[in-house]
Amino acid sequence: MFDTVVIATDGSGSAERAVEAALDLAARFDATVHGLYVVDTGEVETTPEEVREALERALATTGGRALSFILEAADAEADEELVTAVREGDPADEICTYAVEHDADVIVSGTRGRHGEHGYLLGSVAEELVREAPMPVLTVRQLEGEPNPEREDV
C-alpha cells in the first residue's frame, strides 16, 4: 500500500514521535523512507541582517540533528531503505514538492512545530500540508504530558 514515506521533520519533540510512527509504517509495508528537513528561508529573510548568518548556521545544525535522529532511529529498525535531504524555501511548499518529485504515498509530520499563529494547536506547516498535499498526510501529535521544548517558555 505504501512504497514511499516522506518524513517531514523540524527537529521538534513532536517530529521525533512522527519519525517513530513513520518508520513503523514503512517497516510494515517495506517502504522506502525519505527524511526531509526544510530551512525556512522566510524566517531567515525576516531576521535582521546582523544575526542572519548565525540563524542560518543554527538552522543547518538543527537540520543535521533532525536528520541524524531519523538515521539513528532507522538504524534500529534496519529494514527500511533511507534517503535524507535538506531543502530551502517555504517548508510546506518544499515538502509537497519533494513528495511529488519522489512519488510519495504518504507524508508524515508532527503536529506541533515552531511557527505561525495557529502553531500551538496543529502547527502551521502540518496544517498547510493537510490542506495542500496531493497525497495523504499522517499527522502525529505530541502525547499529553510529554515535554514540548518549543512551548516551555509560553
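The rules behind each value
Residues numbered from 1 in each chain as written. Predicted model: local features only at pLDDT ≥ 70, side-chain atom pairs only at ≥ 80, totals over all residues. Heavy atoms only, no water. Salt bridge = Lys/Arg side-chain N within 4 Å of Asp/Glu carboxyl O. Buried < 20%, exposed > 50% of the residue type's maximum accessible area, 1.4 Å probe, protein only. Pairing = 2+ DSSP bridges. Helix = DSSP H or I, 4+ residues; strand = E, 2+ residues; numbered from the N terminus. Axes fitted to C-alpha atoms, helices over the stretch in contact; angles between N-to-C directions. Contact = heavy atoms within 4.5 Å. Right-handed = clockwise from strand over helix to strand, strands pointing away. pLDDT = per-residue confidence, 0-100.

Undergrad: Looking at this model, I keep getting lost on the pattern of salt bridges. Mind explaining?
TA: Pairs may arise between side chains of opposite charge once their charged atoms sit close together. According to the stated counting rule, one finds six salt bridges in the structure shown. With a shortest N-O distance of 3.6 Å, Glu 94 and Arg 87 are connected by a salt bridge. The pair Glu 94 / Arg 87 is uniform in exposure class, with both members buried. One connected set of salt bridges, linked through shared partners, spans Arg 87, Glu 94 and Glu 101.

Undergrad: In this structure, what is going on with the sheet that holds strand β5 (residues 137-140)? I would like to understand it.
TA: Strand pairing in a sheet relies on backbone hydrogen bonds, with the paired strands running either antiparallel or parallel. Here we have five strands laid out as an open sheet, ordered β3-β2-β1-β4-β5, and parallel in their pairing. Each edge of the open sheet is held by one strand with a lone partner, namely β3 (81-89) and β5. Averaged over all adjacent pairs, the angle separating strand axes in this sheet is 25 degrees, with direction ignored. Relative to β3, strand β2 (residues 32-40) runs parallel, the two being bridged by nine bridges. Within β3, the residue paired with Tyr 37 across the bridge is Val 86. In the packing of helix α4 (residues 91-101) onto the sheet, the strands contacted are β1 (4-9), β2, β3 and β4 (106-110), and the crossing angle to β3 comes to about 140 degrees.

Undergrad: Help me understand the environment of Arg 87, please; the structure alone is not making it clear to me.
TA: With respect to the helices and strands, the residue Arg 87 is situated in strand β3. In this structure, the C-alpha to C-alpha distance between Arg 87 and Asp 40, residues 47 residues apart in sequence, is 8.7 Å. Sequence-distant contacts of Arg 87, defined by excluding residues within four places in its chain, comprise Leu 36, Tyr 37, Val 38, Val 39, Glu 94, Thr 97, Tyr 98, Glu 101 and His 102.

Undergrad: So what exactly am I meant to see when it comes to the pairing of β2 here?
TA: A regular strand carries its side chains on alternate faces of the sheet. Most of β2 is tucked away: nine of the nine residues are buried. Residues Thr 32, His 34, Leu 36, Val 38 and Asp 40 line one face of β2 and the alternating positions Val 33, Gly 35, Tyr 37 and Val 39 line the opposite face, and both faces are buried. Sheet topology note: the β1/β2 ladder contains six bridges and is parallel. Each bridged residue has a counterpart across the sheet, and for Ala 8 the counterpart in β2 is Leu 36. With respect to chirality, the unit in which β1 leads through helix α1 (residues 13-29) into the neighbouring parallel β2 is right-handed.

Undergrad: Quick question: what am I supposed to make of the confidence of the model for the protein chain here?
TA: Segments scoring low in pLDDT should not have their predicted coordinates read at a detailed level. With 81% of its residues at a pLDDT of at least 70, the protein chain reaches an overall mean of 84. Of all helices and strands in the protein chain, the one with the weakest mean pLDDT is helix α2 (residues 41-45) (85), whereas α4 scores best (97). Confidence drops under a pLDDT of 50 for residues 113-122, and excluding neighbours within four residues, the segment shows 24 contacts in the predicted structure. The low-confidence segment residues 148-154 (pLDDT under 50) makes eight contacts with residues lying over four places distant or belonging to another chain.

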